[in-house]
Amino acid sequence: MRQYFLKNEGSESLLLFFGGWGSGPELFSDCVIMPGHDCMLCYDYRTPDFDCSLLDNYRNIYLLAWSMGVWVADRILSGDGMESARGRLVRCVAVGGTLAPIDDTMGIPVPVFKGTLEGMSAPVLAKFRRRMCGKDLGYFMEHLPDRGPDELKDELASLYAQVTENPGKYGTRYASAEESPMTLPAEKGHIQWNLAVVGGNDLIFPASNQLAAWKDNADRVLQTDSAHYDRVLFERLLKGI
């Protein structure tokens, strides 16, 4: 995993932002970060490594997670050695993702995810981006993360392996219909998700699946008319609105 400061001014508070699959700093370079906060973007989930020492100097941590980054954030911050960081979380917001990200009823349906992974190519990637961005495709392409297709496929494969090997306490316990049930790992900690933002026009994580996933797992659910990636929505969230 890469950890990159979008803003680093020595503030006492941190906006800890877990991006989605294929993210990079370029995509959020124009965004204004909320006053009084540094901002660290976590992305590239080919490995789950996370340097928690980068959080040591912050008294307050505002967690924002998008898409596959929701599951990654929950797993990282629920792990051993993260007790101090969990104690400094002041607000946790999930956008366009769930705690069961590869799941027929509470995430991306398993056949869709596996089909995207197995068929990954330039045309498949272009189709995915059109579905992800909707009206904001032009802006997305102008701020395209500097990451090649081979790297993106490796990241998607790694996410598939990480999720299906570590499903947690949420969602389907199977990597696919043919595979055997998995033994759930013991829970190491807990994150209280305060807000889940669900895009009504999300063509990646179906809105109905998101609503089902967050029914008992978030304090509040806010449904918008957003696509999976919505430029204005992220501008507002990174400002702290």
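A short tour of the structure in this document, coming up. Counting starts from 1 at the beginning of each chain's written sequence and moves along it residue by residue. Only residues with pLDDT of at least 70 get local features here, since the model is predicted, and only at 80 or more are side-chain atom pairs given and counted; chain-wide, interface and lining totals rely on the full set of residues. Excluded from the side-chain calculations are hydrogens and water; all other atoms, namely the structure's heavy atoms, are used.

1. Observations regarding the overall build of the protein
Regarding its fold elements, the protein presents eight helices and seven strands. The globule rule used here is 2.2 Å times the number of residues to the 0.38 power, and the radius of gyration it is set against is calculated over C-alpha atoms. Over its C-alpha trace the protein gives a radius of gyration of 17 Å, about what one expects of a compact globule, namely 18 Å for 241 residues. If you line up the protein on its principal axes, its C-alpha atoms span 50 × 45 × 30 Å. For every residue, the accessible area (1.4 Å probe, protein chains only) is compared with the maximum for its type, and the residue is labelled buried under 20%, exposed over 50%, or partly exposed between those bounds. Buried residues in the protein amount to 53% of all 241 residues. Any two residues whose heavy atoms approach within 4.5 Å at even a single point are treated as in contact. By sequence separation, contacts in the protein at least 24 residues apart represent 79% of the contacts at least 6 residues apart. Accessible area of the protein: about 10,800 Å², with a carbon and sulfur share of 50%. Distance from the positive charge centre (24 side chains) to the negative charge centre (32 side chains) of the protein: 4 Å. Going along the chain from the N terminus, every DSSP run of H or I of four or more residues is numbered as a helix, and every run of E of two or more is numbered as a strand. Using the Shrake-Rupley algorithm and a 1.4 Å probe, accessible areas are obtained, with residue cover drawn only from the displayed protein chains. The charge count includes Lys and Arg as positive and Asp and Glu as negative, but it does not include His or the ends of the chains. Throughout, a charge is located at the NZ atom of Lys, the CZ atom of Arg, the CG atom of Asp or the CD atom of Glu.

2. Let's talk about the pattern of salt bridges
Two side chains with opposite charge may pair up if their charged atoms get near one another. Salt bridge, as used here, is a side-chain nitrogen of Lys or Arg placed within 4 Å of a carboxyl oxygen of Asp or Glu. The tally for this structure, following the rule as stated, stands at twelve salt bridges. A salt bridge links Arg-59 to Glu-12, with the nearest nitrogen and oxygen atoms 3.4 Å apart. Of this pair, Arg-59 sits in the loop between strand E3 (37–43) and strand E4 (60–66) while Glu-12 is found in the loop between strand E1 (2–7) and strand E2 (13–18), placing the two residues 47 residues apart along the sequence. In this structure Arg-59 comes out as exposed when scored by relative accessible area, which is 58%. Here Glu-12 falls in the partly exposed class, since its relative accessible area comes to 48%. Each member of the salt-bridge network shares a partner with another, and the members are Arg-2, Asp-44, Arg-46, Arg-147, Glu-151 and Glu-155.

3. Things to note about the side chain of Gln-210
Note that Gln-210 resides in helix H7 (residues 207–214). Look past the residues within four positions of Gln-210 in its chain and what remains in contact with it is Gly-96, Gly-97, Thr-98, Val-197, Val-198, Gly-199, Asp-202 and Phe-205.

4. What about helix H3 (residues 110–118)?
Along H3, the residues that are buried comprise Val-110, Phe-113, Thr-116 and Leu-117. Around the axis of H3, the buried residues are gathered within 140° of arc, so they sit on the same side. When the buried face of H3 is taken as reference, the exposed residues oriented beyond 90 degrees from it are Pro-111 and Glu-118. Arc definition: directions from the helix axis to the C-beta atoms.

5. Brief notes about the packing of aromatic side chains
Within 6.5 Å between ring centres, the rings of Phe, Tyr and Trp (the latter by its six-membered ring) count as paired, and their orientation is classed by plane angle as stacked under 30 degrees, edge-to-face over 60, tilted in between. All told, the structure shown has twelve aromatic pairs when counted by the stated rule. On the numbers, 5.7 Å between centres and 65° between planes, the contact of Phe-28 with Phe-234 is edge-to-face. You can see Phe-28 sitting in the loop between E2 and E3 and its partner Phe-234 sitting in helix H8 (residues 231–239), a full 206 residues away along the chain. Comparing Phe-28 with Phe-234, the two get one shared label, buried. Note on Tyr-229 and Phe-234: the rings are 5.8 Å apart at their centroids and 20° apart in plane angle, and the pair reads as stacked. This pair shows no difference in class: Tyr-229 is buried, exactly as Phe-234 is. The rings of Phe-17, Phe-28, Trp-66, Phe-140, Tyr-229 and Phe-234 are connected pair by pair, giving a single aromatic cluster. The ring of Tyr-139 has Arg-231 sitting right over it, with the charged end atom 5.2 Å from the ring centre. Consider the ring centre and the ring normal. A charge sits over the ring if Lys NZ or Arg CZ is within 6 Å of that centre and within 35 degrees of that normal.

6. Observations regarding the environment of Asp-56
Within the secondary structure layout, Asp-56 lies in the loop between E3 and E4. For Asp-56 and Ala-85, which are 29 residues apart along the polypeptide, the C-alpha to C-alpha distance reads 8.0 Å.

7. Section: the packing of helix H1 (residues 68–77) against helix H6 (residues 149–165)
Contact geometry for H1 and H6: axes closest at 12 Å, N-to-C directions at 50°. By the criterion of interaxial angle, the relationship of H1 to H6 is oblique. For the crossing formed where H1 meets H6, the hand is left-handed. Side by side, H1 and H6 meet where Met-68, Trp-71 and Val-72 of the first sit next to Leu-159, Gln-162 and Val-163 of the second. We call Asp, Glu, Lys and Arg charged. Ala, Val, Leu, Ile, Met, Phe, Trp, Tyr, Cys and Pro are nonpolar, and the rest, Gly among them, are polar. Looking at the contact of H1 with H6 residue by residue, the classes come out as five nonpolar, one polar and no charged. Angles run from 0 to 180 degrees between N-to-C directions of axes, and those axes are lines fitted to C-alpha atoms, restricted for helices to the stretch in contact. An angle below 35 degrees is treated as roughly parallel, one above 145 as roughly antiparallel, one from 65 to 115 as roughly perpendicular, and anything else as oblique. What makes a crossing left-handed is the near helix being turned counterclockwise from the far one by less than a right angle; a clockwise turn instead makes it right-handed.

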